[in-house]
Every structure is written in structure tokens, then in C-alpha cells.
Amino acid sequence: NAGVTQTPKFQVLKTGQSMTLQCAQDMNHNSMYWYRQDPGMGLRLIYYSASEGTTDKGEVPNGYNVSRLNKREFSLRLESAAPSQTSVYFCASSEAWGSGANVLTFGAGSRLTVL
Amino acid sequence: QKEVEQNSGPLSVPEGAIASLNCTYSDRGSQSFFWYRQYSGKSPELIMFIYSNGDKEDGRFTAQLNKASQYVSLLIRDSQPSDSATYLCAVPLENRDDKIIFGKGTRLHILP
């Protein structure tokens, strides 16, 4: 089992360029997430998807779009990249344990630099 | 004010001592509470979660939850240098089990 796979691992963009971060999970999880992590800021939720066909905004959705392509895949798109979007991006998926707690499994992260 | 608050640290603890990490949250409706550990340059990984008031123990780790006071803590007994990491508190908010928000994390440094 690969768990959660993110691509690419590293990317450098120029201001105004667009790109898509890809995420796939093979654990049959219903929920998927995109977080960004900046120094001293912890993880901030960008968007999440509770199930195939649904997406919801998190704490910092501006400048991003997402697509839940199917149960396995959840992509994050930057339409016009800005230097403020320089960050490490983590994709995660979750399963609900019997108590209702959603335990997150994270991908390895994608480091994005916008010049 | 962020909805999940943690002291950013760094918290320095001698090897073998107890490390105490705290987290407060704003949403009284939150039902489950998570502690993740993140080593530098790595992804977060789950340490434990708790959803009932009181203590939950797992090896050297104990999570404590007080819903009335809206705080959750993590105690690490017999701290080891390998415990040096950032500890992230996570809480589902707005009555959504899947809308999971993290605190900024506390950097823990265990002194050999």
C-alpha cells in the first residue's frame, strides 16, 4: 500500500503561472484534505472533501480550486500563482473510527516556490 | 484568534522528565481531539486521539481532555531525545467531524 501519494514533490513557478498538485490515496478513505504549512503557522486547511462529489472551503481557500475527481483522487489548482502561495502543501485522507474520530494520513508533502 | 491555540515554544525538557503540551480550542461542540507529531521535514503522524473527558494513556503518552475548560493536553513521560519534534493539536470544528483544524504546533526539544 502506498498510502497517500502527492505529485510533484518540488515545483518552482513564476508569478502568474498556473499548476495543479495531484493527490491519490489507495486506502478507500472517504474524506480528503489539502493543507498548507508555513513556518510558525502550523497546518492551515485550504479545502476538504467529505466524499466523492463534494468539496468545502477550509480556513484559507482564496487563490485555490480543488477537484475531487473520484474517490481516490483530490487535486489542488493554483490558477495564477502568487509569492504568498510559497509553502509546503500536504494532502491527507481520513477514515472515521468507531468513535467518529477522523484520523488523518498524510502524504509526503509538495514544496512549492513562487518567484 | 485562531480556533485552536498552542504555545509555539520551543519547550525544552531534560531527558527522562515529563513534557507537558497544552492546547485550547474555541468550539464547544467539538467531540474528538488529536495529537500529531511532526519531525522536521516530514509529514505529521498521529500519536493519539481522545474524545471523552479525563485521561487516555498509550505507552509513554497520556492525553488529557477537559471539555468544560476547552483544553486538551499531552503528557510525555520519560522523555527521550527522539521525542524532539513539533506537536500539533487538531480539532474538528463547526459540528463537522471532517473539518479538522490544527493549532500552530509546539516545538519540543529534549535535552540529553
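Note: the structure precedes this text.
Conventions we followed
Residues numbered from 1 in each chain as written. Chains lettered and ligands numbered in written order. Predicted model: local features only at pLDDT ≥ 70, side-chain atom pairs only at ≥ 80, totals over all residues. Heavy atoms only, no water. Helix = DSSP H or I, 4+ residues; strand = E, 2+ residues; numbered from the N terminus. Rg over C-alpha atoms; globule rule 2.2 N^0.38 Å. Buried < 20%, exposed > 50% of the residue type's maximum accessible area, 1.4 Å probe, protein only. Contact = heavy atoms within 4.5 Å. Areas by Shrake-Rupley, 256 points an atom, 1.4 Å probe, with all protein chains shown as cover. Lys, Arg positive; Asp, Glu negative; His and termini not counted. Charge placed at Lys NZ, Arg CZ, Asp CG, Glu CD. Disulfide = S-S within 2.5 Å. Phe/Tyr/Trp six-rings, centres within 6.5 Å; stacked < 30°, edge-to-face > 60°. Lys NZ or Arg CZ within 6 Å of the ring centre and 35° of its normal. Pairing = 2+ DSSP bridges. Axes fitted to C-alpha atoms, helices over the stretch in contact; angles between N-to-C directions. Buried area = accessible area lost by both parts, 1.4 Å probe. Salt bridge = Lys/Arg side-chain N within 4 Å of Asp/Glu carboxyl O. Polar contact = N/O pair within 3.5 Å; in protein donor to acceptor, adjacent residues only side chain to side chain. Nonpolar A, V, L, I, M, F, W, Y, C, P; charged D, E, K, R; others polar. 1 Å grid on protein atoms, 1.4 Å probe; cavity = no way out; pocket = protein on both sides within 12 Å on 5 of 7 lines; lining within 4 Å. Points joined across faces, edges and corners; volume = space filled by probe spheres on them.

Asks: With reference to specific residues and values, describe the overall build of chain A.
Replies: A count of helical and extended segments in chain A gives zero helices and eleven strands. Shown N-terminal to C-terminal, the secondary structure of chain A runs as helices and strands in the order β-β-β-β-β-β-β-β-β-β-β. The C-alpha atoms of chain A give a radius of gyration of 14 Å, which matches the 13 Å a tight globule of 115 residues would have. With the C-alpha coordinates aligned to their principal axes, the bounding extent of chain A is approximately 45 × 30 × 25 Å. Every one of the 115 residues in chain A was classed for burial, and the buried ones make up 49%. Long-range pairs, those at least 24 residues apart, make up 53% of the contacts in chain A between residues at least 6 apart in sequence. Carbon together with sulfur atoms contributes 49% to the accessible area of chain A, which is approximately 5,200 Å² in total. The centroid of the 10 positive side-chain charges in chain A is displaced by 7 Å from the centroid of its 8 negative side-chain charges.

Asks: I'd like a rundown of the state of the cysteines, residues and numbers included.
Replies: All names here are of chain A. Enumeration over the complete set of coordinates arrives at two disulfides over all chains. Through a disulfide, C23 is tied to C91; the S-S separation comes to 1.8 Å. Between C23 and C91 the sulfur-sulfur dihedral comes to about -75°; the bridge is accordingly left-handed. Of this pair, C23 sits in strand β3 (residues 19-25) while C91 sits in strand β9 (residues 87-96); the two residues are 68 residues apart in sequence, bridging distant segments of the chain. The residues C23 and C91 share a single accessibility class, namely buried.

Asks: So what about the packing of aromatic side chains? Which residues, and what values?
Replies: For the structure shown, the criterion picks out 13 aromatic pairs over all chains. With a centroid separation of 6.1 Å and 20° between ring planes, the pair formed by A:Y33 and A:Y35 is classed as stacked. We classify A:Y33 as buried; its relative accessible area is 0%. The rings of A:Y33, A:Y35, A:Y48, A:F90, A:F106, B:F34, B:Y36, B:F49, B:Y51 and B:F102 are connected pair by pair, giving a single aromatic cluster. Taking the ring centre of B:F49 as reference, the NZ or CZ of B:K56 above it sits at 4.3 Å.

Asks: Can you lay out the environment of B:Y87 for me, pointing to particular residues and giving the numbers?
Replies: All names here are of chain B. Checked against the element boundaries, Y87 lands in strand β9 (residues 85-92). Sequence spacing of Y87 and R107 is 20 residues, and the spatial spacing of their C-alpha atoms is 6.4 Å. Non-local contacts of Y87, meaning those with residues more than four positions away in its chain, are made with Q6, L21, W35, Y36, R37, I47, L74, I76, G105, T106 and L108.

Asks: Go over the sheet that holds β3(A), please, and point to the residues and values.
Replies: Residue and element names in this part refer to chain A. Taken in spatial order, the four strands line up as β1-β3-β8-β7 in an open sheet, and their pairing is antiparallel. Two strands in the sheet have a free side with no partner beyond their single neighbour: β1 (4-7) and β7 (65-68). With direction set aside, neighbouring strand axes in the sheet form an average angle of 15°. Sheet topology note: the β3/strand β8 (residues 74-78) ladder contains three bridges and is antiparallel. Following the sheet pairing, T20 is matched in β8 by R77.

Asks: Which residues make up the interface of chain B and chain A, and what values go with them?
Replies: At the junction of the two partners, chain B supplies 21 residues and chain A supplies 27 residues. When chain B packs against chain A, close to 1,900 Å² is buried across both sides, 59% of that on carbon and sulfur atoms. The interface formed by chain B and chain A includes zero salt bridges. Applying the counting criterion to the chain B and chain A interface returns five residue pairs in polar contact (both at pLDDT 80 or more). Listing elements by their share of the side of chain B that touches chain A, those giving two or more residues are β4 (33-38), β5 (45-50) and β10 (100-102) of chain B. Its residues assigned to classes, the side of chain B that touches chain A shows ten nonpolar, four polar and seven charged.

Asks: Now, about the layout of surface pockets: what can you tell me, with residues and values included?
Replies: Taken as a whole, the largest pocket holds about 740 Å³ of empty space. In this structure, the largest pocket is lined by 31 residues; those nearest its centre are A:Q37, A:R111, B:Q38, B:S40 and B:G41. For the lining of the largest pocket, the secondary structure elements donating two or more residues are β9 and β11 (110-114) of chain A together with β9 of chain B. By residue number, the principal contributor to the lining of the largest pocket is β11(A), which donates four residues. Grouping the amino acids of the lining of the largest pocket by side-chain chemistry returns ten nonpolar, 15 polar and six charged.

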